[in-house]
Amino acid sequence: MPEHTPADILIVDDVAANLELLSEMLKSRGHKVRAVPRWRIALKAASRRAPDLVLLDITMPEMDGYEVCRRFKADPALSEVPVMFISALDGTIDKVKAFAVGGVDYITKPFAFEEVEARVNTCLALARQRRALESQLKAIRALESTRDTLVQMIVHDMRSPLGAALAQLGVLELDLGRHLEGDARDTWQDLHAALSNLSQLVDGVLGVHQLENGQLLPERVMVDVATLIEGAVAQLSSVACLSNVELAVRPLGGRLEIAIDTGLIQRVIINLLDNAIRFAPDGSRVTLDAIGTDESVEVMVSDAGPGVPLDQRLAIFDKFGRVLGRGHSRTSIGLGLAFCRLAVEARPHHAARGRFGTHQAHREAARVDRLRLEPGGPPVRGPHQLGAQP
């Protein structure tokens, strides 16, 4: 509603003289006014057609203005309508209570025309701005939804050709690997690494989208933690070798079974290891420790990379979060750690209960990522999400 457009204003006051005076004031400025003496009539009138503003007397018979305002705010169709209270100059207005029940302003009797006009115009302007922002937000969300749908379609269609390309590279390595030397060998390794990174990015985009939209359907089963870790390490052994990084595992002291979503949690561990390998210095070591107790198991991935400054540790869990690395250059983390956070914190159902965090270490490692898992009870199959302990 543009500023020059007359507003629909509902006045509620049990004193006829006040209704007449306020009505004449506001009508003289082109507003459409509905004046009613009782709260029941006001609610019925507002339900038939929501006003742009309500002027509500505090002191009325049967029910005071505070409670009437609560009734307005309890109605979804009227909850966003601004309410301005009317109070006698010598009366008592509980300003805290007035704002707590949803009021936006107040005017006092006897009415000063200039003040009433100024306060009414301000309330209407704020309401217009709020509606405009809501409309813009709705449009932005619609555009984001369209963008996300398009991205998911493109990324989904990329999976098959990427998988085929990686498979063909594997076949070529078996047939020609022993004949590749020098620059040819380096070129093959670079190509394999690039396609692997792209494949991980595709999986990351799909995984994050599914977690954000509650579309991932985990299956919680009993699994031996050592077996879970071995599977994760096996998938990244070649990546570590190509990066000239040693991948060391200090396994659990004994067997520990835990009820979790195997694929989802293993993917979290893989992302932690992959991130550590990517930022580990050439010739260094990435270590995976698993410490088990009767109630939980804690998986720790440590590396000797540059570490993450304290003020940037939350940013690394954002999608494509960028942190300041060595040489003061910004480095993108990608989607791996964002997936980890979403997987561990997903609600409301528990495929496992977990905590996740990162901190700086000293001596052997520059950074340690910790994943704490707690048994989630007996195995459950079905549409559940991995959830964090409350």
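Residues numbered from 1 in each chain as written. Predicted model: local features only at pLDDT ≥ 70, side-chain atom pairs only at ≥ 80, totals over all residues. Heavy atoms only, no water.

**Concerning the packing of helix 2 (residues 39–48) against helix 3 (residues 65–74)**
For the record, the criterion: Note on geometry: axes are lines fitted to C-alpha atoms, helical ones only across the stretch in contact, with angles between N-to-C directions running from 0 to 180 degrees. Secondary structure elements follow DSSP: runs of H or I of four or more residues count as helices, runs of E of two or more count as strands, with numbering from the N terminus. In this scheme, roughly parallel covers angles under 35 degrees and roughly antiparallel covers those over 145, while 65 to 115 is roughly perpendicular and the rest are oblique. Handedness of a crossing is defined here by the sense of rotation of the near helix relative to the far one, left-handed for an anticlockwise turn of less than a right angle and right-handed for a clockwise turn. A contact between two residues is defined here by any heavy atoms of the two lying within 4.5 Å. Three categories are distinguished: nonpolar for Ala, Val, Leu, Ile, Met, Phe, Trp, Tyr, Cys and Pro, charged for Asp, Glu, Lys and Arg, and polar for the others, with Gly belonging to the last.
Relative orientation of the contacting elements helix 2 and helix 3 amounts to 20 degrees, with a least axis distance of 11 Å. The pairing of helix 2 with helix 3 is recorded here as roughly parallel in orientation. Our pair here, helix 2 against helix 3, has a crossing hand that is right-handed. Contacts between helix 2 and helix 3 involve Trp-39, Ala-42, Leu-43 and Ala-46 from the first element and Val-68, Arg-71 and Phe-72 from the second. Grouping the amino acids of the contact of helix 2 with helix 3 by side-chain chemistry returns six nonpolar, no polar and one charged.

**Details of the side chain of Thr-287**
Just so we agree on the cut-off: Each residue gets one of three labels from its accessible area relative to the maximum for its type: buried under 20%, exposed over 50%, partly exposed in between, using a 1.4 Å probe on protein chains only.
When you line up the elements, Thr-287 lands in strand 9 (residues 285–292). Under the relative-accessibility criterion, Thr-287 is labelled buried at 7%. Leaving out residues up to four positions away in the same chain, Thr-287 has contacts with Ala-248, Arg-250, Met-300, Val-301 and Ser-302.

**As for unusual backbone geometry**
Put simply, Lys-109 and Pro-110 share a cis peptide bond, and its omega is -5 degrees. Here Pro-110 lies in the loop between strand 5 (103–109) and helix 5 (113–176). Backbone geometry places Glu-62, a non-glycine residue, at a positive phi of 75 degrees. You can see Glu-62 is positioned in the loop between strand 3 (53–57) and helix 3.

**With respect to the pattern of salt bridges**
Definition in use: We define a salt bridge as a side-chain nitrogen of Lys or Arg found within 4 Å of a carboxyl oxygen belonging to Asp or Glu.
Scanning the entire structure with this criterion turns up 14 salt bridges. Note that Glu-246 is salt-bridged to Arg-285, the shortest N-O span being 3.4 Å. With Glu-246 in strand 7 (residues 246–250) and Arg-285 in strand 9, this pair connects stretches of sequence that are 39 residues apart. The structure contains a network of salt bridges with shared partners spanning Asp-8, Arg-34 and Arg-49.

**Considering the confidence of the model for the chain**
When pLDDT drops low, the exact placement of atoms in the prediction is not to be read closely. Spelled out, the test is: The pLDDT value expresses, per residue, how confident the predictor is, ranging between 0 and 100.
For the chain, the average pLDDT comes to 76, and 73% of its residues sit at 70 or higher. No element of the chain has a lower mean pLDDT than strand 16 (residues 387–388), which averages 27, and none a higher one than strand 1 (residues 8–12), which averages 96. Confidence over residues 358–367 falls short of pLDDT 50; this stretch has 34 contacts with residues more than four positions distant or in other chains.

**What to know about the sheet that holds strand 3**
What counts is decided by this rule: DSSP-based pairing: two strands are paired if at least 2 bridges between them are found.
An order of 2-1-3-4-5 is seen for the five strands of this open sheet, with the pairing classed as parallel. Two strands close off the open sheet at either side, each with one partner strand: strand 2 (32–36) and strand 5. With strand direction ignored, the average angle separating the axes of adjacent strands in the sheet is 20 degrees.

**Thoughts on the environment of Ala-88**
Following the sequence through the fold, Ala-88 ends up in strand 4 (residues 83–88). Residues Ala-88 and Phe-111 lie 23 residues apart in sequence; the distance between their C-alpha atoms is 9.3 Å.

**Some words on the packing of aromatic side chains**
Convention followed: When the centres of two rings from Phe, Tyr and Trp lie within 6.5 Å, Trp using its six-membered ring, the rings pair. Their planes under 30 degrees apart give stacked, over 60 give edge-to-face, and anything left gives tilted. Both a distance and an angle decide whether a charge sits over a ring: NZ of Lys or CZ of Arg must be within 6 Å of the ring centre and within 35 degrees of the ring normal.
As enumerated under the stated definition, the model contains one aromatic pair in all. With 5.6 Å between their ring centres and 55 degrees between their planes, Tyr-66 and Phe-85 make a pair best called tilted. Of the two residues, Tyr-66 is situated in helix 3 and Phe-85 in strand 4; the sequence distance between them amounts to 19 residues. Note on accessibility: Tyr-66 and Phe-85 belong to one class, buried. If you follow Arg-119 out to its NZ or CZ, it ends over the ring of Tyr-106, 5.6 Å from the centre.

**Quick word on the pairing of strand 4**
The following threshold applies: Crossover handedness is defined here as right-handed if the route from the first strand over the helix to the second strand goes clockwise, with the strands pointing away from the viewer.
Here strand 4 lies mainly inside the structure; five of its six residues are buried. Examined bridge by bridge, strand 3 and strand 4 share four bridges and lie parallel to one another. Along strand 4, the bridge assignment pairs Leu-56 with Phe-85. The parallel pair strand 3 and strand 4, bridged by helix 3, forms a crossover whose chirality is right-handed. Two strands pair when backbone bridges link them, and strand 4 and strand 5 are joined in this way by six bridges, in the parallel orientation.

**Some points on helix 3**
Worth spelling out the cut-off: Directions from the helix axis toward the C-beta atoms define the arc. We define a polar contact as two N or O atoms separated by no more than 3.5 Å, with the added condition that, inside protein, one atom must be a possible hydrogen donor and the other a possible acceptor, whereas residues neighbouring each other in sequence contribute only through side-chain atom pairs.
Within the sequence span of helix 3, burial applies to Gly-65, Tyr-66, Val-68, Cys-69 and Phe-72. Projected down its long axis, helix 3 carries its buried residues within an arc of 160 degrees, all on one side. For helix 3, the secondary structure elements touched by its buried residues are strand 1, helix 2, strand 3, strand 4, helix 4 (95–100) and strand 5. The backbone nitrogen of Tyr-66 has a side-chain oxygen 3.1 Å away, supplied by the residue at the start of helix 3, namely Asp-64.

**Some words on the pairing of strand 3**
With five of five residues buried, strand 3 is to be regarded as a mostly interior element. Burial of the side chains of strand 3 extends over both faces: Leu-53, Leu-55 and Asp-57 are buried on one face and Val-54 and Leu-56 on the other. The sheet contact formed by strand 1 and strand 3 spans four bridges and is parallel. In the strand pairing of strand 3, Ile-11 is matched with Leu-55.

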